[in-house]
Amino acid sequence: MDNHSDFMRMAIEMADENIRNGGGPFGAVVVKDGKVVGKGANQVTNHNDPTAHAEVLAIRAASRELNTFNLSNCVLYTSCEPCPMCLGAIYWARIPHVYYGNNREDAASIGFDDDFIYRELSMPMANRSILMQPLLSEEALNTFRAWSDKSDKIDY
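Residues numbered from 1 in each chain as written. Predicted model: local features only at pLDDT ≥ 70, side-chain atom pairs only at ≥ 80, totals over all residues. Heavy atoms only, no water.

Trainee: Quick one: what's the story with the pattern of salt bridges, residue by residue and with numbers?
Mentor: Overall, the coordinates contain five salt bridges when judged by the stated rule. Between R9 and D6 there is a salt bridge, with its nearest N and O atoms 3.9 Å apart. In this pair, R9 and D6 both sit in helix α1 (residues 4–20), three residues apart, roughly one turn of the helix. On the basis of relative accessibility, which here comes to 48%, the residue R9 falls in the partly exposed class. A salt bridge links D115 to R104, with the nearest nitrogen and oxygen atoms 3.0 Å apart. Separated by 11 residues along the polypeptide, D115 in helix α6 (residues 114–122) and R104 in helix α5 (residues 104–109) bring together distant segments of the chain. For D115, a relative accessible area of 25% corresponds to the partly exposed category. Put simply, E81, R104, D115 and R119 are held in one network by salt bridges that share partners. (Salt bridge = Lys/Arg side-chain N within 4 Å of Asp/Glu carboxyl O. Helix = DSSP H or I, 4+ residues; strand = E, 2+ residues; numbered from the N terminus. Buried < 20%, exposed > 50% of the residue type's maximum accessible area, 1.4 Å probe, protein only.)

Printed below as a string of structure tokens:
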């Protein structure tokens, strides 16, 4: 396979199969040099894990396969526009190109309202629905100082 449409069809087929197996309607594949190096299908309800989204699972699989956390030489194909959590994972993995099938409005129309989280993130912290407040910040900074001073750290 070396065609973008073929990889997208694979992600969509994974989503379709996942529905038949009791999972959510999302599938994703990570591709490097025309070869699939990671696959994932939504397992949130099957694993009782709210982070088990297709994109996150595909990124984890690709990172294991390639033995790296840096996927900057890969492409992600996903059956739906990534939610904010998955988008964050994509940025952390440094994946430079994402193809998606359905968009967030399509997802909202079947009960997956990712747009709510996008709206929350754009608000000042004090206006969000989840209370966020600092605690023991000075103590926590000691950990960051230790990291900053560490001579053999691996930057990411």
